[in-house]
Amino acid sequence: MIKFDNVVKYYDGQPALNNVSFHLEKGEMAFLTGPSGSGKTTLLRLIYRDEVAESGRIIIADWDLLKLTGASIPYLRRNVGVVFQDFKLLPERTVRENVELTLRIQGVPSEEARERVTSTLKLVGLRHKSDALPTQLSGGEQQRVVIARAVIGNPAVLLADEPTGNLDPETSKEIMDVFKAVHAKGATVFIATHDPALFEHSGCRVFRLNHGGISS
Amino acid sequence: MRILSFHIRTALSNMFRNIGINLLTIFSISVGLFLIAITTVTVNTLNSAVSEWTEGFGLVVYLMDSLDDESIKALKAEVENEPEVKDARFISRETAMSRLKKVLGEATLDGLDENPLPNSLEISLRQGNVQPEKVREVAARLKRLEGVEGVQFGEKWVGVLANAARRFTLFGSALGISLTVGIIFILSNTIKVLFYRRSNEIKILKLLGATSWFIRIPFLVEGVLFGSAAGLLASGASYGAAYWLGSGHALPPNLVWPTHAVILFGGALGIIGSLLAVGRIRL
Ligand SMILES: Nc1ncnc2c1ncn2[C@@H]1O[C@H](COP(=O)(O)OP(=O)(O)OP(=O)(O)O)[C@@H](O)[C@H]1O
Ligand SMILES: [Mg+2]
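Draft legend 1. Highlighting the coordination of the magnesium ion (ligand 2). Taken together, the protein ligands of the magnesium ion (ligand 2) are Thr41 of chain A (OG1) and Gln85 of chain A (OE1), with distances of 1.9 to 2.2 Å. Taken together, the positions of Thr41 of chain A in helix 1 (residues 40–47) and Gln85 of chain A in the loop between strand 6 (80–83) and helix 3 (95–105) put the pair 44 residues apart, joining distant regions of the chain.

Written out as structure tokens, the structure reads:
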């Protein structure tokens with residue numbers, strides 16, 4: 001489902017990722033860890049084509065990302081839900097509208113969208129904050145809005161970049177349960193995190209990034 | 001349809017976010033549209049007046065005395081075959097004389113024992129063929145026909161009138177085109193500003209899988225809203241102006257039509273302006 005072959009990504013002449021190769025099976029759940037600045041976010045951004053690799057090969061489902069045309073990018077992204085490290089919520093839209101966006105972009109009719117938003121907000125425990133603006137929420141609550149927006153479209157691939165960075169252990173566990181539920185429905189889930197507690201005893205594969213190289 | 005209503009809601013909420021400056025934009029566009037509307041009405045009115053005045057006007061073809069009835073009939077048919085000619089009416093020399101007598105008075109012509117007037121054909125031209133060059137060209141062609149003695153036409157005053165109308169139309173068109181270009185410019189700049197103000201939001205929409213058109217459509221809707229709102233304002237103003245000029249009387253239809261067309265025209269300019277603003281931006 002996610003396949004990297006000798007992927008190289010430079011920033012300002014410095015390699016952020018150097019010859020990275022790995023392969024996630026369809027429906028697998030795995031973790032990506034490594035110190036700050038090791039390239040976790042960069043690797044995830046390559047997957048949803050927010051960045052383009054200098055060389056190597058990246059295959060996501062049937063898409064060969066280094067050969068992808070601009071017109072296909074939206075359709076790739078609709079199949080890749082992303083929990084962004086920096087949230088990327090629309091500040092002038094309510095929680096409900098932010099979560100609904102994923103569906104509106106995919107052309108889901110408004111009634112169906114409304115129902116799915118309600119149940120997804122319930123899933124992340126934010127039903128009562130539907131009409132709040134992101135600025136009126138705590139960091140952990142905003143995080144959960146982002147998660148709701150990422151999972152609502154039932155993407156084939158779910159990427160999460162430090163999804164529990166702002167959460168207490170109790171809420172972190174609840175969030176991990178959401179990811180497990182999405183995984184149980186067949187999605188390929190890839191979570192970047194510093195927090196070993198998330199993947200210890202999870203039974204999932206863990207990839208480690210260090211100075212741009214990867215090991216598992 | 002549903003997805004469009006989503007875009008319209010987006011567009012409306014964006015418009016209301018900066019209602020003050022947006023109203024100012026709408027107002028200045030409406031001034032331009034108002035000027036276009038009244039220019040159009042004035043030019044149209046003038047042109048239809050001119051073509052009405054010149055409608056009855058035509059050429060007079062004088063026939064040789066030697067022609068018999070058969071040949072006159074044939075010649076009349078030949079003349080009516082010309083594409084610019086609407087119809088040709090035969091005026092016998094007797095009719096011509098009695099007309100002349102009516103104009104000048106019986107007594108003046110009493111001294112004549114012989115009718116000096118020739119038979120003639122009065123020709124009226126189809127609309128749009130009264131420009132001086134055209135008339136001259138038709139006259140020359142008719143003159144070459146067998147049995148034609150001469151052709152006479154009131155080239156001068158028709159020419160002056162038609163020329164004036166044409167100059168005015170030209171001036172009106174130039175004014176209309178420059179105003180249109182100006183309005184498109186204002187609209188496309190307004191939309192561009194809205195676009196850049198939302199660039200952060202647009203980046204996020206792209207990451208969520210929005211296509212370029214999904215992002216552009218709210219701006220096109222906004223362009224149409226701006227343009228047609230200004231059109232509505234301008235149409236109200238031109239209706240008011242026409243009513244005032246007519247001092248309260250019912251308006252002739254050629255004064256009323258622009259009030260509807262102006263709204264559509266404004267909306268069309270809105271689409272053009274916003275397409276110029278966001279149609280080619282690489283997303
Ligand atoms: N847009 C960019 N321009 C220049 N350099 C960048 C850019 N994005 C990332 N980098 C650099 O690439 C390296 C990897 O950054 P990245 O954000 O992928 O790290 P990370 O593992 O996600 O770190 P963290 O755990 O702090 O989120 C860093 O050295 C960073 O400075
Ligand atoms: Mg990061």
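Additional details are given in the paragraphs that follow.
Draft legend 2. Inspection of the nonpolar core at higher detail. Residues and elements named next belong to chain A. Phe31, Ile147, Phe179 and Ile191 are the most contacted members of the largest nonpolar core, which has 37 residues in total. Where this core is concerned, the elements lending two or more residues are strand 3 (29–33), helix 3, helix 4 (110–123), helix 5 (139–151), strand 7 (157–161), helix 6 (169–184), strand 8 (188–192) and helix 7 (196–199). Here this core takes 6 residues from helix 5, the largest share from any one element. Among all residues touching Ile147, those that are not within four sequence positions of it are Val83, Val124, Pro163, Ile175, Val178 and Phe179.

Draft legend 3. Looking closely at the interface of chain B and chain A. In this complex, chain B contributes 17 residues to the contact, which on the side of chain A involves 20 residues. In total, chain B and chain A occlude about 1,900 Å² of area from one another, counting both sides; carbon and sulfur atoms represent 63% of this. Applying the counting criterion to the chain B and chain A interface returns 1 salt bridge. Here Glu201 of chain B and Arg93 of chain A are joined by a salt bridge, their closest N and O atoms 3.0 Å apart. Taken together, the links from chain B to chain A amount to 3 residue pairs in polar contact (both at pLDDT 80 or more). For the side of chain B that touches chain A, the elements supplying multiple residues, two or more each, are helix 1 (2–17) and helix 7 (199–207) of chain B. For the side of chain B that touches chain A, the element with the most residues is helix 1 of chain B, which contributes 6 residues.

Draft legend 4. Molecular detail of the environment of Thr120 of chain A. Residues and elements named next belong to chain A. Tracing the sequence through the fold places Thr120 in helix 4. Remark: the alpha-carbon pair of Thr120 and Arg149, spanning 29 residues in sequence, is separated by 8.5 Å. When sequence neighbours within four positions are dropped, the list of residues in contact with Thr120 reads Ala148, Val151 and Ile152. At 2.7 Å, the side chain of Thr120 forms a polar contact with the backbone oxygen of Arg116.

Draft legend 5. Representation of the site of ligand 1 within the structure. All names here are of chain A. Close contacts around ligand 1 come from 13 residues, with Ser36, Lys40, Thr41, Thr42 and Gln85 the closest. One nitrogen or oxygen atom from the main chain of Gly39 is found 3.0 Å from an oxygen atom belonging to ligand 1. When the free accessible area of ligand 1 is taken as 630 Å², the share hidden by the protein chains comes to 62%. No other element matches the 3 residues that helix 1 contributes to the shell around ligand 1. Its residues assigned to classes, the shell around ligand 1 shows 3 nonpolar, 8 polar and 2 charged.

Draft legend 6. Molecular detail of the pattern of salt bridges. The tally for this structure, following the rule as stated, stands at 19 salt bridges over all chains. The salt bridge involving Asp86 of chain A is made with Lys88 of chain A; its shortest N-O contact spans 3.2 Å. In this structure Lys88 of chain A comes out as partly exposed when scored by relative accessible area, which is 24%. Close ionic contact of Glu201 of chain B with Arg198 of chain B constitutes a salt bridge, the shortest N to O distance being 3.3 Å.

Draft legend 7. The arrangement of a nonpolar patch on the surface in detail. All names here are of chain B. On the surface, a cluster of nonpolar side chains totalling about 440 Å² of accessible area is made up of Ile8, Leu12, Phe16, Ile19 and Leu23. Those elements that provide at least two residues to the nonpolar patch are helix 1 and helix 2 (19–55). Ranked by residues supplied to the nonpolar patch, first place goes to helix 1 with 3 residues. Structurally, Ile8 can be placed in helix 1.

Draft legend 8. Region of the structure containing the sheet that holds strand 2 (residues 14–24) of chain A. All names here are of chain A. With antiparallel pairing, the 4 strands of this open sheet are ordered in space as 2-1-4-5. A single partner strand is all that each edge strand has here, and the edge strands are strand 2 and strand 5 (63–64). Each of strand 1 (2–11), strand 2 and strand 4 (55–60) touches helix 1; the most contacted strand, strand 1, lies at about 120° to it.

Draft legend 9. Quick look at the packing of helix 5 of chain A against helix 6 of chain A. Residue and element names in this part refer to chain A. Two numbers describe how helix 5 lies on helix 6: the axes approach to 12 Å, and their chain directions differ by 5°. Taken together, the axes of helix 5 and helix 6 are roughly parallel relative to one another. Contacts between helix 5 and helix 6 pair Arg144, Ile147 and Val151 from the former with Thr171, Ile175, Val178, Phe179 and Val182 from the latter.

Draft legend 10. A look at the sheet that holds strand 6 of chain A. Residue and element names in this part refer to chain A. Pairing is mixed across the open sheet formed by 6 strands, whose spatial order is 6-7-8-3-9-10. The two strands at the open ends of the sheet, each matched to only one other strand, are strand 6 and strand 10 (213–215). When strand polarity is set aside, the average angle formed by the axes of neighbouring strands in this sheet is 20°. The pairing of strand 9 (residues 205–210) with strand 10 spans 3 bridges and is classified as antiparallel. Residue pairing in the sheet places Asn210 in a bridge with Gly213 of strand 10. Packed on one face of the sheet, helix 6 meets strand 3, strand 6, strand 7 and strand 8 and runs near 135° to strand 3.

Calculation rules
- Residues numbered from 1 in each chain as written.
- Chains lettered and ligands numbered in written order.
- Predicted model: local features only at pLDDT ≥ 70, side-chain atom pairs only at ≥ 80, totals over all residues.
- Heavy atoms only, no water.
- Donors = N, O, S within 2.8 Å, 3.2 Å for Na, K, Ca; no water.
- Helix = DSSP H or I, 4+ residues; strand = E, 2+ residues; numbered from the N terminus.
- Core = buried A, V, L, I, M, F, W, Y, C linked by side-chain atoms within 4.5 Å.
- Buried < 20%, exposed > 50% of the residue type's maximum accessible area, 1.4 Å probe, protein only.
- Contact = heavy atoms within 4.5 Å.
- Buried area = accessible area lost by both parts, 1.4 Å probe.
- Salt bridge = Lys/Arg side-chain N within 4 Å of Asp/Glu carboxyl O.
- Polar contact = N/O pair within 3.5 Å; in protein donor to acceptor, adjacent residues only side chain to side chain.
- Near = heavy atom within 4 Å.
- Areas by Shrake-Rupley, 256 points an atom, 1.4 Å probe, with all protein chains shown as cover.
- Nonpolar A, V, L, I, M, F, W, Y, C, P; charged D, E, K, R; others polar.
- Patch = residues over 30% accessible without salt bridge, like charges linked within 9 Å, V, L, I, M, F, W, Y side chains within 5 Å.
- Pairing = 2+ DSSP bridges.
- Axes fitted to C-alpha atoms, helices over the stretch in contact; angles between N-to-C directions.
- Parallel < 35°, antiparallel > 145°, perpendicular 65-115°, else oblique.

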